[in-house]
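# Structure at a glance
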Amino acid sequence: MSRSAHPAGPRYADVLPEGHHPAPPADLNALDPRVWSRTVARDAAGTVTVGGLDVGHLAEEFGTPAYFLDEDDFRARCRAWREAFGPDADVFYAGKAFLSRAVVRWLAEEELNLDVCSGGELSTALAAGMPAERIALHGNNKSTEEIARAVEAGVGRIVVDSFQEIVRVAHIAQKAGKRQRVQIRVTVGVEAHTHEFIATAHEDQKFGLPLAGGQAAEAVRRALKLDGLELVGVHSHIGSQIFDTSGFEVAARRVVGLLAEVRDEHGVELPEIDLGGGLGIAYTSEDDPREPHEIATALRAIVERECAAAGLAVPRLSVEPGRAIVGPTAFTLYEVGTVKELPGLRTYVSVDGGMSDNIRTALYDADYSVALVSRTSTAEPMLSRVVGKHCESGDIVVRDAFLPADLAPGDLIAVPATGAYCRSMASNYNHALRPPVVAVKDGTARVIVRRETEEDLLRLDVG
Ligand SMILES: *Cc1c(COP(=O)(O)O)cnc(C)c1O
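Please read these numbers as outputs of a predicted model, since none were measured by experiment.

So, on to the domain arrangement of the protein. How large an interface is tends to be reported as the accessible area lost when its parts come together. On domain assignment, one finds that the protein holds domain 1 (12-70 + 328-460) and domain 2 (138-321). Of note, the centres of domain 1 and domain 2, computed from C-alpha atoms alone, are 36 Å apart. Taken together, the contact between domain 1 and domain 2 spans nine residues of the former and six residues of the latter. Together, the buried faces of domain 1 and domain 2 total about 750 Å²; carbon and sulfur atoms form 56% of this surface. Between domain 1 and domain 2 we count zero salt bridges in total. Here the residues of the side of domain 1 that touches domain 2 are counted per class, giving four nonpolar, one polar and four charged.

On to the environment of P24. Among the structural elements, P24 can be located in the loop between helix 1 (12-15) and strand 1 (41-42). A relative accessible area of 41% means that P24 is categorised as partly exposed. The sequence separation of P24 and R290 amounts to 266 residues, and the corresponding C-alpha distance is 25 Å. Those residues in contact with P24, other than ones at most four positions away along the chain, are P381 and F402.

Right, let's get into the pattern of salt bridges. According to the stated counting rule, one finds 32 salt bridges in the structure shown. When the shortest N-O distance is used, the salt bridge between R305 and E249 registers 2.9 Å. Note that R305 is positioned in helix 10 (residues 292-310) and E249 in helix 9 (residues 246-266), a separation of 56 residues in sequence. E249 gets classed as partly exposed once you look at its relative accessible area, which sits at 24%. Among the ionic pairs, R253 bridges to E306, the shortest N-O distance being 3.6 Å.

Here we take up the site of the ligand. Surrounding the ligand, one finds 15 residues, the nearest of these being K96, G278, E320, R323 and Y421. Here the shell around the ligand is composed, by residue class, of four nonpolar, seven polar and four charged.

A few words now on the packing of helix 9 against helix 10. Look at helix 9 against helix 10: their axes get within 9 Å of each other, and the N-to-C directions meet at 35°. Pair helix 9 / helix 10 crosses with right-handed handedness. Between helix 9 and helix 10, the contacting residues are F248, E249, A252, R253, V256, A260 and R263 on the first element and L299, I302, V303, R305, E306, C307 and A310 on the second.

This part covers empty space enclosed by the protein. Considering all chains together, one arrives at five cavities of 30 Å³ or more under this definition. Y67, L69, F98, A330, T418, G419, R423 and V437 together form the lining of the largest cavity. Looking at the lining of the largest cavity residue by residue, the classes come out as five nonpolar, two polar and one charged.

Below, the discussion takes up the packing of aromatic side chains. Applying the stated criterion across every chain, the model contains seven aromatic pairs. Measuring from centroid to centroid gives 6.1 Å for W81 and F85, while their planes differ by 10°, and the two rings are stacked. With W81 and F85 both in helix 3 (residues 71-85) and four residues apart, this pair spans about one turn of that helix. By relative accessible area, W81 is classed as buried at 3%.

Our next topic: the confidence of the model for the protein. A residue-level look at the protein finds 93% of positions with pLDDT of 70 or above and a mean pLDDT of 93. Counted against residues more than four places away or in other chains, residues 1-20, with its pLDDT under 50, gives 38 contacts.

At a minimum axis separation of 11 Å, helix 8 (residues 215-225) and helix 9 run at an interaxial angle of 45°. With respect to each other, helix 8 and helix 9 are oriented oblique. The hand of the helix 8/helix 9 crossing is right-handed. Counted together, A216, A217, V220, R221 and L224 of helix 8 and L258, E261, V262, E265 and H266 of helix 9 form the full contact between these two elements.

Let's shift gears to the side chain of D287. Along the chain, D287 falls in the loop between strand 15 (272-274) and helix 10. Buried and unpaired, D287 has R360 as its nearest opposite-charge partner, separated by 8.7 Å. Here the side chain of D287 touches Y283 through a polar contact of 2.9 Å, landing on its backbone nitrogen. Apart from residues no more than four positions distant in its own chain, D287 is found in contact with R34, Q241, F243, I281 and A282.

Cut-offs and rules
- Residues numbered from 1 in each chain as written.
- Predicted model: local features only at pLDDT ≥ 70, side-chain atom pairs only at ≥ 80, totals over all residues.
- Heavy atoms only, no water.
- Domains from an automatic or database assignment.
- Contact = heavy atoms within 4.5 Å.
- Buried area = accessible area lost by both parts, 1.4 Å probe.
- Salt bridge = Lys/Arg side-chain N within 4 Å of Asp/Glu carboxyl O.
- Nonpolar A, V, L, I, M, F, W, Y, C, P; charged D, E, K, R; others polar.
- Helix = DSSP H or I, 4+ residues; strand = E, 2+ residues; numbered from the N terminus.
- Buried < 20%, exposed > 50% of the residue type's maximum accessible area, 1.4 Å probe, protein only.
- Near = heavy atom within 4 Å.
- Axes fitted to C-alpha atoms, helices over the stretch in contact; angles between N-to-C directions.
- Left-handed = near helix turned anticlockwise from the far one by under 90°.
- 1 Å grid on protein atoms, 1.4 Å probe; cavity = no way out; pocket = protein on both sides within 12 Å on 5 of 7 lines; lining within 4 Å.
- Points joined across faces, edges and corners; volume = space filled by probe spheres on them.
- Phe/Tyr/Trp six-rings, centres within 6.5 Å; stacked < 30°, edge-to-face > 60°.
- pLDDT = per-residue confidence, 0-100.
- Parallel < 35°, antiparallel > 145°, perpendicular 65-115°, else oblique.
- Lys, Arg positive; Asp, Glu negative; His and termini not counted.
- Polar contact = N/O pair within 3.5 Å; in protein donor to acceptor, adjacent residues only side chain to side chain.

In structure tokens form, the structure reads like this:
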């Protein structure tokens, strides 16, 4: 995860210099298809629907705040990624973006693989019937118990992240009488953030073993010696919310460079490389992400070119989009509680959720869009800050956005592109009850993760 591309310091709406306000959209009632999920539409009467269902009715039935996940859109994105990469590559959905049993079943049906990074994610994947050989286990500090469960289940790969873990996984596999397929997570000295990437001489981060200085090569050396391991490849993940492939280009070149070194030293051509996830999505109309087929074409070309230059057979490629699959498929529906105008400053719109259901704005300074969805309005645009109900002034959902000036308590507003890293990072701060996830498809809505209740909170509090 990364911060968004905004420079530090006061932002336009913090200082409101005359003439520097963001331009209001031409039509406040329009829903930009770039930021809303595929089946969201506003009909001629002004009613907003998703999957053919009126959002007002959805709010009555399921309450607010709630996440509404567009199943058709989710499946279409899975297929787009699968088809873009074709049969010679694997697409692993990064479960940490959002995981539930329904989602696992959709992934299984759409022939995607699944990344997990904890025992909890692993048990969800297995409980929903994802074949173990299509699961990869990640993490920089997997417990012995998590590794043992993964080995026992027969996961297709474990991505090892340290020298200690190489020995740990080998030992556990050997005890189980197995040979575990592993990849080594390397850091390539590239950090990608949104529109730019930074190439650094060495990586200062907790994940992976650096290529620079030879730790990655040493990890390969150690892994190749251990009977409990079948070393199948090298893994690199360079960042998140990335909009172009230049960072991947450097990563691929360096990873292929390691494969060539390994061949020269050990006479072994490792058969797989994984270039990770991090592909960006549109949170606002200004974001312009690449389509899966463009990314696939670019990545394949880079890998093929680098392998040709190194005299290597092209290894099997895998990628791990999380946000790019689930992010655009959901929106959060809130009810407006108060509208507070601070003359000369700004208007605060308070909703019935906040940082407990979307921490990304506070954590990463992320940008979001917002729209009034329970009715249309012809009122003037009002520069607004959408805030939550938590006891924290940084509890901001949408920093700066235009809403109609006649916005009032009881109106429903929706924040699109909240499918990734919102429910999965949700908290109980202030003993908030985490919202449900409702899957919508073809005129049917179905709760896939129910709303938390006060009994749920009290059940954990053993007094
Ligand atoms: C987080 C993560 C991903 C997914 O990142 P997105 O930005 O959601 O695409 C993929 N691979 C690894 C190893 C990750 O840690």
